[in-house]
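Now for the letters of each chain:
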Amino acid sequence: MNDADLDMVLSWRNHIEVRSFMYTQHEISREEHLQWYKRVIMDSSKHLLIYEEDGIPLGFVNFSAAPNKQESLWGFYVKPGCSKGLGRRMGLSALRYGFDVAMFHKIIGRSLVENQKSIRFHLSLGFKSDGVMQERGSNELPMNIHQFSLLCDDWKLLTP
């Protein structure tokens, strides 16, 4: 991701199909988005990626590495209105990046428990369920979060 992608990513993130499944569900202002971007581009533990097919941007992926840089939390969303199957292609590509380029030992995913599509998605990619935990959302109310993890060694067994 670079500066030229900011407005595109903000429009995707603010789309109701995306933000209704995020921890922060309010519509994000351009200023809030710019402040976030200024913070994360200065942080070497963050990997911000735009997923493209045939040069067309279709999704956003981010990795937030732990201090030991051995594991990372990932997050992602596809451009609203894209065809079925895009999320899987993007997810596989992102995992290849996470394990083969960034060299993470473990990738962690989290979903709101209401987001059954994301839960099925993680499991279909080989993630194991770590259970449900409770966190505070941006509105300070408790949220139930399903956590998953995928180890590099398990990923290598799943992919040729």
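Before reading further, recall that the structure is shown in the block above.
The sections below set out a description of the structure shown in this document. Computed from a prediction, not measured in an experiment: that's the story for all the values here.

Here's the deal with the overall build of the protein
Within the protein one finds six helices and six strands. Beginning at the N terminus, the succession of helices and strands in the protein can be written as α-α-α-β-β-β-α-β-α-β-β-α. Here the C-alpha atoms of the protein give a radius of gyration of 15 Å, agreeing with the 15 Å that 2.2 N^0.38 yields for 160 residues. In terms of overall dimensions, the protein has C-alpha extents of about 45 × 40 × 35 Å along its principal axes. The proportion of buried residues among the 160 residues of the protein is 40%. Contacts spanning at least 24 positions in sequence make up 54% of the contacts within the protein whose residues lie at least 6 apart. Taken as a whole, the protein presents about 9200 Å² of accessible surface, with 54% of it coming from carbon and sulfur. Distance from the positive charge centre (19 side chains) to the negative charge centre (19 side chains) of the protein: 4 Å.

Observations regarding the environment of P67
Mapped onto the elements of the fold, P67 is located in the loop between β2 (56-65) and β3 (71-78). Judged by its relative accessible area of 84%, P67 is exposed. A sequence separation of 22 residues divides P67 from S45, and the C-alpha atoms of the two residues are 7.6 Å apart.

Observations concerning the nonpolar core
In this structure, F63, W74, L95, F99, I107 and F127 are the most contacted members of the largest nonpolar core, which totals 22 residues. For this core, the secondary-structure elements that each account for two or more residues are β2, α4 (86-101), α5 (116-124), β6 (142-151) and α6 (152-158). Beyond its immediate sequence surroundings of up to four residues, F99 is in contact with F104, H105, K106, I107, L150, L151, C152 and W155. By size, the runner-up hydrophobic cluster in this structure holds eleven residues, among which are V9, W12, V18 and Y37.

Describing the pattern of salt bridges
In total, this model carries three salt bridges according to the counting rule given. Ionic pairing is found between D7 and R30, a salt bridge with its closest N-O pair at 2.9 Å. Of the two residues, D7 is situated in helix α1 (residues 6-14) and R30 in helix α3 (residues 30-41); the sequence distance between them amounts to 23 residues. A relative accessible area of 43% places R30 in the partly exposed class.

Digging into the packing of α1 against α3
For the pair α1 and α3, the least separation of the axes is 11 Å and the interaxial angle reads 115 degrees. Crossing handedness for the pair α1 and α3: right-handed. Judged by residue contacts, L6, D7, V9 and L10 of α1 engage R30, H33, L34 and Y37 from α3. Partitioned by chemical class, the residues of the contact of α1 with α3 number five nonpolar, one polar and two charged.

Side note on α3
When the terminal C-alpha atoms of α3 are compared, their 16 Å separation across twelve residues agrees well with the 16 Å that a helix rising 1.5 Å per residue should span. For α3, the set of buried residues is H33, L34, Y37 and V40. Relative to the axis of α3, the buried residues are bounded by an arc of 135 degrees and lie together on one face. What points out from α3, more than 90 degrees from its buried face, is the exposed set K38 and R39. Looking at the packing, one finds that the buried side of α3 touches α1 and β1 (46-53).

Thresholds applied
- Residues numbered from 1 in each chain as written.
- Predicted model: local features only at pLDDT ≥ 70, side-chain atom pairs only at ≥ 80, totals over all residues.
- Heavy atoms only, no water.
- Helix = DSSP H or I, 4+ residues; strand = E, 2+ residues; numbered from the N terminus.
- Rg over C-alpha atoms; globule rule 2.2 N^0.38 Å.
- Buried < 20%, exposed > 50% of the residue type's maximum accessible area, 1.4 Å probe, protein only.
- Contact = heavy atoms within 4.5 Å.
- Areas by Shrake-Rupley, 256 points an atom, 1.4 Å probe, with all protein chains shown as cover.
- Lys, Arg positive; Asp, Glu negative; His and termini not counted.
- Charge placed at Lys NZ, Arg CZ, Asp CG, Glu CD.
- Core = buried A, V, L, I, M, F, W, Y, C linked by side-chain atoms within 4.5 Å.
- Salt bridge = Lys/Arg side-chain N within 4 Å of Asp/Glu carboxyl O.
- Axes fitted to C-alpha atoms, helices over the stretch in contact; angles between N-to-C directions.
- Left-handed = near helix turned anticlockwise from the far one by under 90°.
- Nonpolar A, V, L, I, M, F, W, Y, C, P; charged D, E, K, R; others polar.
- Expected span 1.5 Å × (residues − 1).
- Arc of directions from axis to C-beta.

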